[in-house]
Amino acid sequence: MAFIDEIKIYAEAGRGGDGVVRWRQEKFIPKGGPAGGDGGRGGDFYVQAVRDIHILSKYKAKKDFQAERGEDGGKKSLHGKKGEDFILELPIGSIVTNLETEEKWQLLEEGQKNLLLRGGYGGYGNEHFKSSTNTTPKEWKPGVDGEHGNFLIELELFADVGLVGLPNAGKSSLLNALTNAEARVGDYAFTTLDPNLGDFYGYTIADIPGLIEGANTGKGLGVKFLKHIRRTKMIAHLVSFENLSKGSTGMIKTYKEIRKELEKYDKNLGLGEEGLAEKEEIIVLTKTDVIEDPKMIEKKKKEFEKVSKKVFVISLYDDKSVKTLRDELVKILKKKV
Ligand SMILES: Nc1nc2c(ncn2[C@@H]2O[C@H](COP(=O)(O)OP(=O)(O)OP(=O)(O)O)[C@@H](O)[C@H]2O)c(=O)[nH]1
Ligand SMILES: [Mg+2]
């Protein structure tokens, strides 16, 4: 199922039920008074946040949603039942825009529920029109249409840490090692096509498709997903030791290339201090097991320490290295709250 982070829908709150014309029927009273009840109110239209980043793809086929119509009034002055509300479930992080009025709602936490459209009023039944001059009113009113509109729904994932790096840097592998996620891993570029989220001691880590040079202008896949790490508290930037091998660009250069992409992305959007490049960053040098000379690992680590205070060196084949990263990352996150 393809990941969808933007849809347009048409939504309608319920129409009110109609009022009716009825007469009281009582034993021995041949001509009872008016007793037509009012129509019930139409159901309201809500959106509610759920913890499911894939839910938008469920709505791809069906894009029209309606709350229930109010029931018509009844005899014996009974009012019609209110129509049932419609609750559209959207992922946490959804931004909903009414395309006509430009009103916006943002779903920030699980369970948050917002009213988008009100159901229409029910129409009056004939009882409502009774007066001293009109004891047998035949008037009634139809129910009023519910509010309706076209909406744009855009998803921006919420996570605490965003993993960035070139394709193949080991982002998804690290996500799987640190969290409950079961992201697909592969020894080719662009294994990850959609974002993955994992739970890390109550924090969320987001893994996005790999970035390449020119990503900010739309090269590769990454840029489409950079918005999903805009809300993260920090970034973990992964650089693989494979970049030391012949023909590769080199580790620092690779790192700088990706940083440049983040900066350009910020600049294009005018994000300034809110930008990706301004976020706290840790550097994770991955796949140390491909290097035979341990001195080389130390050397690279030192080089990177000139760029960032927090540099980790890991291999998925070295549990201790992963544990160190895990423990430190928890500490950093705890400090940030
Ligand atoms: N030798 C070694 N290989 C690793 C390590 N971590 C990941 N890999 C391998 O590197 C390859 C790429 O890993 P992924 O986790 O898919 O990389 P990614 O950064 O998510 O890649 P994209 O999704 O394409 O951006 C896979 O074949 C992994 O098995 C490691 O510590 N050592
Ligand atoms: Mg991946």
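Calculation rules
Residues numbered from 1 in each chain as written. Chains lettered and ligands numbered in written order. Predicted model: local features only at pLDDT ≥ 70, side-chain atom pairs only at ≥ 80, totals over all residues. Heavy atoms only, no water. Helix = DSSP H or I, 4+ residues; strand = E, 2+ residues; numbered from the N terminus. Rg over C-alpha atoms; globule rule 2.2 N^0.38 Å. Buried < 20%, exposed > 50% of the residue type's maximum accessible area, 1.4 Å probe, protein only. Contact = heavy atoms within 4.5 Å. Areas by Shrake-Rupley, 256 points an atom, 1.4 Å probe, with all protein chains shown as cover. Lys, Arg positive; Asp, Glu negative; His and termini not counted. Charge placed at Lys NZ, Arg CZ, Asp CG, Glu CD. Donors = N, O, S within 2.8 Å, 3.2 Å for Na, K, Ca; no water. Pairing = 2+ DSSP bridges. Axes fitted to C-alpha atoms, helices over the stretch in contact; angles between N-to-C directions. Near = heavy atom within 4 Å. Polar contact = N/O pair within 3.5 Å; in protein donor to acceptor, adjacent residues only side chain to side chain. Nonpolar A, V, L, I, M, F, W, Y, C, P; charged D, E, K, R; others polar. Left-handed = near helix turned anticlockwise from the far one by under 90°. Parallel < 35°, antiparallel > 145°, perpendicular 65-115°, else oblique. Patch = residues over 30% accessible without salt bridge, like charges linked within 9 Å, V, L, I, M, F, W, Y side chains within 5 Å. Salt bridge = Lys/Arg side-chain N within 4 Å of Asp/Glu carboxyl O. Expected span 1.5 Å × (residues − 1). Arc of directions from axis to C-beta. Core = buried A, V, L, I, M, F, W, Y, C linked by side-chain atoms within 4.5 Å.

**Side note on the overall build of the chain**
Okay, step 1: For the chain, the count of helices and strands is five helices and 14 strands.
Okay, step 2: At 30 Å, the chain has a C-alpha radius of gyration far larger than the 20 Å of a compact globule built from 337 residues.
Okay, step 3: If you line up the chain on its principal axes, its C-alpha atoms span 105 × 35 × 35 Å.
Okay, step 4: Residues counted as buried form 51% of the 337 residues belonging to the chain.
Okay, step 5: Within the chain, residue pairs in contact and separated by at least 24 positions form 72% of the contacts whose partners lie at least 6 positions apart.
Okay, step 6: When the accessible surface of the chain is summed, it comes to about 17900 Å², and 49% of that surface belongs to carbon and sulfur atoms.
Okay, step 7: Charged side chains in the chain number 55 positive and 53 negative. The centres of these two groups are separated by 1 Å.

**Digging into the coordination of the magnesium ion (ligand 2)**
Okay, step 1: At this site the magnesium ion (ligand 2) is bound by S172 (OG) and T192 (OG1), with donor distances of 1.9 to 2.1 Å. Taken as a pair, S172 in helix α1 (residues 171-178) and T192 in the loop between α1 and β10 (196-200) lie far apart in primary sequence, 20 residues in all. Of the two residues, S172 and T192, neither departs from the other in class, the shared state being buried.

**Let's talk about the sheet that holds strand β3 (residues 64-66)**
Okay, step 1: The five strands lie next to each other as β3-β1-β8-β5-β6, forming an open sheet whose pairing is mixed. In the strand order of this sheet, the two ends are held by β3 and β6 (104-106), each with one partner. Across the sheet, the mean angle from the axis of one strand to that of its neighbour is 25°, orientation sign disregarded.
Okay, step 2: As paired elements, strand β5 (residues 94-98) and strand β8 (residues 148-155) share five bridges and run antiparallel to each other. The partner of N98 across the bridge, within β8, is F151.

**A look at the site of ligand 1**
Okay, step 1: With respect to spatial proximity, 23 residues lie near ligand 1, and among them K171, S173, T192, K287 and D289 are the closest.
Okay, step 2: Separating an oxygen atom of ligand 1 from a backbone N or O atom of G186 is a distance of 3.1 Å.
Okay, step 3: A distance of 2.7 Å separates an oxygen atom of ligand 1 from a polar side-chain atom of T192.
Okay, step 4: Partitioned by chemical class, the residues of the shell around ligand 1 number ten nonpolar, nine polar and four charged.

**Some thoughts on the pairing of β5**
Okay, step 1: Most of β5 sits inside the fold, with five of its five residues counted as buried.
Okay, step 2: On β5, burial covers both faces: S94, V96 and N98 on one face and I95 and T97 on the other are all buried.
Okay, step 3: Pairing geometry for β5 and β6, over three bridges, is antiparallel. Along β6, the bridge assignment pairs V96 with W105.
Okay, step 4: Following β5, the chain reverses through five residues before pairing antiparallel with β6; E102 in that reversal takes a positive phi of roughly 65°.

**Section: the packing of helix α3 (residues 251-269) against helix α4 (residues 294-305)**
Okay, step 1: Between α3 and α4, whose axes approach to 10 Å, the crossing angle comes to 35°. α4 is crossed by α3, and the crossing has right-handed handedness. The segment α3 lies against α4, with M251, I252 and Y255 engaging K300, E303 and F304.
Okay, step 2: Taken together, the residues that form the contact of α3 with α4 break down as four nonpolar, no polar and two charged.

**A word on the packing of α1 against helix α5 (residues 319-336)**
Okay, step 1: Closest axis-to-axis distance for the α1/α5 pair is 11 Å, and the angle between their directions is 75°. As the angle between them shows, α1 and α5 are arranged roughly perpendicular. Taking contact as the criterion, the partners of L174, A177 and L178 in α1 are, on α5, V322, L325, R326 and L329.
Okay, step 2: For the contact of α1 with α5, the residue count by class is six nonpolar, no polar and one charged.

**A word on a positive patch on the surface**
Okay, step 1: On the surface, K253, K260, K264 and K267 cluster together into a patch of positive charge.
Okay, step 2: With respect to the helices, strands and loops of the structure, K264 is situated in helix α3.
Okay, step 3: The exposure class of K264 is partly exposed, given its relative accessible area of 37%.

**Section: α4**
Each α-helix turn comprises 3.6 residues. Residues three or four places apart therefore point the same way.
Okay, step 1: With twelve residues, α4 extends 17 Å from end C-alpha to end C-alpha; this agrees with the ideal 16 Å at 1.5 Å per step.
Okay, step 2: Along α4, the residues that are buried comprise I297, K300 and F304. Down the axis of α4, the buried set is contained in an arc of 70°. They therefore lie on one face. What points out from α4, more than 90 degrees from its buried face, is the exposed set K295 and K302.
Okay, step 3: With a side-chain oxygen positioned 3.0 Å from the backbone nitrogen of K295, the residue opening α4 is D293.

**Notes on a negative patch on the surface**
Okay, step 1: Residues E263, E273, E274 and E278 make up a contiguous surface patch of negative charge.
Okay, step 2: Classification of E278 by relative accessible area gives exposed; the value is 51%.

**Focus: the nonpolar core**
Okay, step 1: Core analysis: the largest hydrophobic core is formed by 44 residues, its most contacted members being L88, L90 and L226.
Okay, step 2: The set of elements that each furnish at least two residues to this core consists of β1 (6-12), β2 (45-50), β4 (86-91), β7 (113-117), β8, α2 (222-226) and α3.
Okay, step 3: Here this core gets four residues from one element, more than from any other, and that element is β2.
Okay, step 4: Every residue in contact with L226, bar those within four places of it in the chain, is listed here: I208, L211, L262, Y265 and L276.

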